[in-house]
Amino acid sequence: MISVEQALEKILSYIATLEEEQVPILDSLGQVLAEDVKSGINVPPLDNTAMDGYAVQSGDTLGASRESPRLLRVIDTVIAGSMPEHEVTPGTAIRIMTGAPVPEGADSVVKFEDTDEEQRRKASAGQPVTEIGILCQANPGLNIRRAGEDISQGATVLKKGTVIRPSEVGVLASLGQSEVRVIRRPVIAILATGNELVEINQPRPTGKIYNSNTYSVAASVRRCGGIPQILGIAQDREDSLVAGLRRGLDADMLITIGGVSKGDYDMVKDVLAREGQINFWTVRIKPGKPLAFGTIKGTDKNGVTRSIPHLGLPGNPVSAMVTFEIFARPAILKMLGKKNLSKPTVAAVLENSIVNTDGRRIHDRVIVEKRNGQYFARLTGKQGSGILSSMSRANGLAVVPEDRAEVKAGEVVQVIMLDWNEEASG
Ligand code: AMP
Ligand code: MG
């Protein structure tokens with residue numbers, strides 16, 4: 001049986017970063033930039049005002065104060081989106097609104113609160129004022145945002161390899177870019193197996209269970225940036241399984257769920273060997289030991305012969321989700337062009353003890369909480385790999401190394417964080 005690291009290394013050796021695509025900027029969220037983005041423009045394009053106020057020559061305001069205002073003649077108003085039509089000359093001011101270009105001649109903007117505009121407006125019954133008292137000394141540059149102070153023309157704004165977040169989407173929009181080149185999202189085909197399964201929108205005959213794994217895995221694919229392609233349920237028969245596998249050949253990776261535990265695997269193994277190549281089966285991990293990996297070969301819908309990576313996740317609902325996190329997620333992230341393939345971990349004080357009976361690496365479901373600056377992790381309860389609801393209660397997986405026979409309550413363990421309370425608690 002191979003280790004978790006060996007298994008992951010083997011899987012990743014079959015995974016390549018995908019090609020580039022051009023997508024609308026909003027669709028690129030979470031994808032990796034495939035080229036440097038250079039700015040063709042200055043942002044902001046012109047010197048403009050950061051405040052509503054009066055554009056003035058700072059020299060006209062020397063020594064101005066509330067007690068000793070400087071009177072200036074108001075010659076125009078300029079609003080955001082319009083160009084000033086007049087120049088500010090000595091003794092004059094132009095009323096200006098936030099974002100509007102600073103007129104020629106002005107070198108500073110005095111905000112409304114530092115003028116006597118309010119009194120004058122009251123006195124003039126709302127009529128535009130023709131004179132304004134400046135109540136403070138303005139230094140050159142006051143309240144002026146310089147052209148290009150955010151992004152200067154010709155600068156490399158975003159580097160190839162950057163993961164697109166809302167702020168990158170905003171930066172692209174500020175350059176007037178509606179599309180962006182990124183690494184495309186992988187399509188991950190998902191095939192459930194088992195005679196006992198019924199689709200979730202079907203009546204459930206006695207003795208059958210709903211197919212939950214397809215949906216937990218598809219949601220996990222989507223969460224890490226892939227596109228799930230749901231292939232439905234294959235029966236535990238060779239012809240049904242083969243037909244299912246072949247339907248997944250247009251995808252970038254095929255995930256099957258179930259059929260890989262000891263008894264079942266005999267049939268599946270033969271099919272997988274015939275349809276492709278088996279690389280490994282069983283990993284020193286708990287839950288999820290009967291994990292299978294290999295490649296599936298065949299012709300896609302265009303008649304092209306392809307070989308795609310195949311990950312056979314165990315069918316127990318918790319095993320399927322845990323092995324997805326440990327093995328499928330890194331593969332998907334690598335296809336997306338990401339460099340950091342692992343989930344964040346925290347060191348946490350374990351509040352229960354965990355016994356490790358057979359030298360596998362354990363990933364137990366825990367609830368991680370931060371108290372007084374320290375992380376604590378307590379088990380969600382019974383750790384049976386069929387108890388999916390306890391996965392729903394957990395926000396982390398506590399890791400017990402292969403070589404530890406027991407971790408006692410009070411000891412510190414590494415916990416792989418699946419979610420953060422601050423984000424998930426609604
Ligand atoms: P298997 O790996 O096929 O032996 O399945 C192990 C256990 O997981 C069995 O109890 C199955 O009924 C259950 N199981 C397998 N596939 C699914 C699925 N898609 N949804 C829910 N339970 C499943
Ligand atoms: Mg089965």
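Bear in mind that the values here come from a model prediction, so they are computed numbers and not experimental data. (Residues numbered from 1 in each chain as written. Chains lettered and ligands numbered in written order. Predicted model: local features only at pLDDT ≥ 70, side-chain atom pairs only at ≥ 80, totals over all residues. Heavy atoms only, no water.)

Across its full length, the chain holds 9 helices and 27 strands. Scaling as 2.2 N^0.38, a compact globule of 426 residues should have a C-alpha radius of gyration of about 22 Å, whereas the chain reaches 32 Å, well beyond that. Each principal axis of the C-alpha atoms in the chain carries an extent, and together these give about 95 × 60 × 40 Å. When the 426 residues of the chain are sorted by exposure, 46% land in the buried category. Once local pairs closer than 6 in sequence are excluded, the contacts in the chain between residues at least 24 apart make up 71%. Total accessible area computed for the chain in this model is approximately 20500 Å², and 50% of it derives from carbon and sulfur atoms. (Helix = DSSP H or I, 4+ residues; strand = E, 2+ residues; numbered from the N terminus. Rg over C-alpha atoms; globule rule 2.2 N^0.38 Å. Buried < 20%, exposed > 50% of the residue type's maximum accessible area, 1.4 Å probe, protein only. Contact = heavy atoms within 4.5 Å. Areas by Shrake-Rupley, 256 points an atom, 1.4 Å probe, with all protein chains shown as cover.)

Taking 1.5 Å of rise per residue, the 19 residues of helix α7 (residues 317–335) would be expected to cover 27 Å, and the 25 Å separating its terminal C-alpha atoms lies within 8% of that figure. Maximum bend of α7: about 45 degrees, positioned at Phe 324. Burial analysis of α7 places 18 of its 19 residues in the buried class, which makes it a mostly covered element. Two residues or fewer after α7 comes Gly 337, characterised by a positive phi angle close to 90 degrees. (Expected span 1.5 Å × (residues − 1). Bend = angle between axes of the 7 residues up to and from the residue.)

So, on to the site of ligand 1. By nearness alone, 16 residues border ligand 1, and Glu 196, Asn 211, Gly 259, Ser 261 and Asp 264 come closest of all. Taking Glu 196, its side chain carries an N or O atom lying 2.5 Å from an oxygen atom of ligand 1. Interatomic distance of 3.3 Å between a backbone N/O atom of Asn 213 and a nitrogen atom of ligand 1. Every element with two or more residues in the shell around ligand 1 is listed here: β12 (187–193) and β14 (209–210). Of the residues that constitute the shell around ligand 1, the class distribution is 5 nonpolar, 9 polar and 2 charged. (Near = heavy atom within 4 Å. Polar contact = N/O pair within 3.5 Å; in protein donor to acceptor, adjacent residues only side chain to side chain. Nonpolar A, V, L, I, M, F, W, Y, C, P; charged D, E, K, R; others polar.)

So, on to the nonpolar core. Met 253, Ile 255, Val 283, Leu 311, Phe 324 and Phe 327 are the most contacted members of the largest nonpolar core, which totals 45 residues. Going through the elements one at a time, α1 (4–13), β12, α4 (213–223), β16 (253–257), β20 (305–313), α7 and β25 (396–400) are the ones with two or more residues in this core. It is α7 that contributes the most residues to this core, 12 residues altogether. Residue contacts for Phe 324: discarding those within four places in its chain leaves Val 217, Ser 220, Val 221, Cys 224, Ile 255, Leu 313, Arg 329, Pro 330 and Ile 332. Counting 18 residues, the second-largest nonpolar core is a separate cluster that includes Leu 191, Leu 254, Val 260 and Val 268. (Core = buried A, V, L, I, M, F, W, Y, C linked by side-chain atoms within 4.5 Å.)

Attention now moves to the sheet that holds strand β15 (residues 227–234). Pairing within the open sheet is mixed, and its 6 strands lie in the order β15-β12-β16-β20-β19-β17. Because the sheet does not close on itself, it has two edges, and the strands there are β15 and β17 (276–281). The sheet shows a mean angle of 20 degrees between the axes of neighbouring strands, direction not considered. Against the sheet, α7 makes contact with β12, β16 and β20, and its axis sits at roughly 175 degrees relative to β16, the strand it touches most. (Pairing = 2+ DSSP bridges. Axes fitted to C-alpha atoms, helices over the stretch in contact; angles between N-to-C directions.)

Scanning all chains against the criterion turns up 23 salt bridges. Between Glu 117 and Arg 95 there is a salt bridge whose closest N-O contact spans 2.7 Å. Taken as a pair, Glu 117 in helix α2 (residues 117–123) and Arg 95 in strand β6 (residues 92–96) lie far apart in primary sequence, 22 residues in all. Assessed through its relative accessible area of 14%, Arg 95 is described here as buried. Across the pair Glu 406 and Lys 408 runs a salt bridge, and its minimum N-O distance is 3.8 Å. (Salt bridge = Lys/Arg side-chain N within 4 Å of Asp/Glu carboxyl O.)

Here the focus is the sheet that holds strand β4 (residues 53–56). Taken in spatial order, the 5 strands line up as β7-β4-β6-β5-β8 in an open sheet, and their pairing is mixed. The strands lining the two open edges of the sheet, one partner per strand, are β7 (108–111) and β8 (131–134). Between one strand axis and the next, the sheet turns through 40 degrees on average, direction left out of account. Two elements, β4 and β6, share 3 bridges in a ladder whose sense is antiparallel. What sits directly across from Ala 55, in β6, is Ile 94.

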